[in-house]
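Structural description and commentary
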Amino acid sequence: MKKQSKKVIRKPKQKSSTSGQSGSTLNRRTFLKFGRVAAIAVPVLGVAGYFSVQSVQATICEADLSKIGNGRPAIVQIHDPNCPVCRTLQKQSRKALKSFEDGSFEFLVANIKTAEGGALAANHGVPHVTLLLFDGRGEMVQIVRGTSSVEELREIFGAHLGVSS
């Protein structure tokens, strides 16, 4: 009986790196794979960064309480960032204000965790979850306590801004 010879499977030899990098080679396939990932990641990160910067700039602009009494009516929310009811009121207020012309009013957020926001709330004797409506001279006209529906807020803001909604 004849013995069958076994086929020996040999692994292909790894190309040795001539640049001194031990064990890692940058071939065309890895370079293209890296390029594809980078081509997808860069625009995604850019768009995310853009919207993050826009959000931060809007938040900074809304926190500038020195805009009260600058000649335009102001709507100031007394806000606690840890309060879910405050966040709900903020969302509803923003939705209600979308129907009004930009630049005709100021929407500001007085964070009670800051010295300036806490002082404003204390000066007017109001807790968080409150909206203060100021005229163009900076005099308080109305206080809206608690949450309201978007439609109710739209009516209140329309009356304050002198716009029929």
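To start, this report covers the structure provided alongside it. The residue numbers shown here count from 1 along each chain, following its written sequence. In keeping with the predicted nature of the model, local features appear solely for residues at pLDDT of at least 70, side-chain atom pairs appear and are counted solely at 80 or more, and the whole-chain, interface and lining totals rest on all residues. The basis for every side-chain value is the complete set of non-hydrogen atoms in the structure, without hydrogens or water.

Attention now goes to the overall build of the chain. Across its full length, the chain holds four helices and four strands. Walking the chain from its N terminus toward its C terminus, one meets helices and strands in the order α-β-α-β-α-β-β-α. Exposure classes here rest on a 1.4 Å probe applied to the protein chains alone. A residue is buried below 20% of its type maximum, exposed above 50%, and partly exposed in between. Looking at the chain as a whole, 27% of its 165 residues are labelled buried. The contact criterion used throughout is that any non-hydrogen atoms of two residues lie within 4.5 Å. In the chain, the proportion of contacts linking residues at least 24 apart, taken out of those at least 6 apart, comes to 66%. For the chain, the exposed area adds up to about 12000 Å²; of that, 56% sits on carbon and sulfur atoms. Labels follow the DSSP assignment, with helices taken as runs of H or I lasting at least four residues and strands as runs of E lasting at least two, numbered in each case from the N terminus. Residue-level accessible areas treat just the shown protein chains as cover; the underlying method is Shrake-Rupley with a 1.4 Å probe.

Its twelve residues give helix α4 (residues 150–161) an end-to-end C-alpha distance of 16 Å, which sits within 8% of 16 Å, the value for a rise of 1.5 Å per residue. Within α4 the residues assigned to the buried category are Val150, Leu153, Phe157, Gly158, His160 and Leu161. Down the axis of α4, the buried side of the element spans an arc of 160°, and every buried residue falls inside it. Facing away from the buried side of α4, by more than 90 degrees, are the exposed residues Glu155 and Ala159. Looking at the buried residues of α4, the elements they touch are β1 (74–79), α2 (84–97), β3 (130–134) and β4 (140–145). Phi turns positive, to about 75°, at Gly162, one or two residues after α4. Each residue after the first adds 1.5 Å to the expected span of a helix. As used here, the arc belongs to the directions running from the helix axis to the C-beta atoms.

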